[in-house]
Amino acid sequence: MSDPLVDCEGLVYIYKARTLEVVALQGLDLHVEPGEMVAIAGRSGSGKTTLMNILAGVDVPTAGRAVVAGHDLTRMSERERDLYRHQTVGYLLQRSQANLLPELSALENVELATLTGPGARDGRAAKLMDRLGLGPRMHVRPAGLTGGDKIRLALAVALANGPRLLLADEPTAELDTATAHSVLGDLAELLEELDTTAIFVTHDPELERFARRVIQIRDGKTSTETRWTGSREALVADELVIMDRAGRIQLPKAYVEKLGLKERVRLRIENDHIAILPPESGDTDHA
Ligand code: ADP
Ligand code: MG
């Protein structure tokens, strides 16, 4: 197997205000292979945006390992960080408006984001916009675009450099379901064509399945993972719980509550599985 494009282990991020510390990520593990499209899901406040800011090279991890495309995000100089932000990643911020310059046309916004700038004649900007269905609206300013087209434009801007990794923080949060589906569907096709790896954050379970892998973050840690297999028309979900290198897993809350598990459980190893039981279930009646 190739090296993962994203390799995070035990990632910790602490926001430090004058008197208060918020531990936003507490030992998060994440591995993404080149070419994958991965969705990050989780409640508000679970640490999704914090993770994206770290992967985008905006914030520096407090502790842990974070390597993207061979760049160690924990020990980059300011200059390397700058290059990384411009060349390795494309980042669509949670508030999509923040990604666009209102006084420039759609095309100029994308051209500005290509490394070579507006003078570039390679036509990458126009090609991206065509592929995202913005062809007829290249010369319109952002304010003249529909909500869906604004997101398409912000995606074209984020992809303008030809990044190895696209990061999109709730790109479809402001869209109705049908528009969100159409935007993500087109994005998925384009990413496959460009062979670009992507991580996007979503709140909406309906939209997770545009990714083949959906990772749930709970309290600043990855807790469960769903893998979708099969063809796009007939996807089958496989729910997995994430185990870290030390063998720690987090049990789904619903399971814990159903059996009333608290603090201590009994583990029993069987031929091909491990059973987790309430402590009072002794082994006495074991045949
Ligand atoms: P999500 O994107 O999943 O909603 P965030 O990554 O934005 O979550 O936030 C994770 C935690 O960090 C939350 O408890 C949030 O209140 C806190 N947090 C986010 N940004 C800051 C900040 N600038 N200063 C202090 N705490 C923050
Ligand atoms: Mg967020």
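Residues numbered from 1 in each chain as written. Chains lettered and ligands numbered in written order. Predicted model: local features only at pLDDT ≥ 70, side-chain atom pairs only at ≥ 80, totals over all residues. Heavy atoms only, no water.

**Student:** I'd like a description of helix α4 (residues 124-131), backed by residues and values.
**Tutor:** Every buried residue belonging to α4 is among A125, L128 and M129, and all of these are buried. Angular distribution of buried residues about the axis of α4 spans 95 degrees; they occupy a single face of the element. Exposed positions of α4 whose direction lies more than 90 degrees from the buried face are K127 and D130. If you follow the buried residues of α4, they end up packed against α3 (106-113), α5 (147-159) and α6 (177-194). Two residues or fewer after α4 comes G133, characterised by a positive phi angle close to 75 degrees. (Buried < 20%, exposed > 50% of the residue type's maximum accessible area, 1.4 Å probe, protein only. Helix = DSSP H or I, 4+ residues; strand = E, 2+ residues; numbered from the N terminus. Arc of directions from axis to C-beta. Contact = heavy atoms within 4.5 Å.)

**Student:** How would you summarise the sheet that holds strand β4 (residues 63-68) if you had to cite specific residues and measurements?
**Tutor:** In spatial order, the strands read β2-β1-β4-β5; together these 4 strands make up an open sheet with antiparallel pairing. Pairing within the sheet leaves two strands with one partner each, and these edge strands are β2 (21-32) and β5 (71-72). Judged from the 5 bridges that link them, strand β1 (residues 6-16) and β4 form a sheet pairing that is antiparallel. Residue D7 lies in a different strand from β4, and its bridge partner there is V67. (Pairing = 2+ DSSP bridges.)

**Student:** Would you mind going over the coordination of the magnesium ion (ligand 2) in detail, with residue names and values included?
**Tutor:** Distances from the magnesium ion (ligand 2) to its protein donors, namely T49 (OG1) and Q94 (OE1), fall within the range 2.0 to 2.5 Å. One end of the pair, T49, is in helix α1 (residues 48-55); the other, Q94, is in the loop between β6 (89-92) and α3, and 45 residues separate them in sequence. Q94 sits in the partly exposed class, given a relative accessible area of 36%. (Donors = N, O, S within 2.8 Å, 3.2 Å for Na, K, Ca; no water.)

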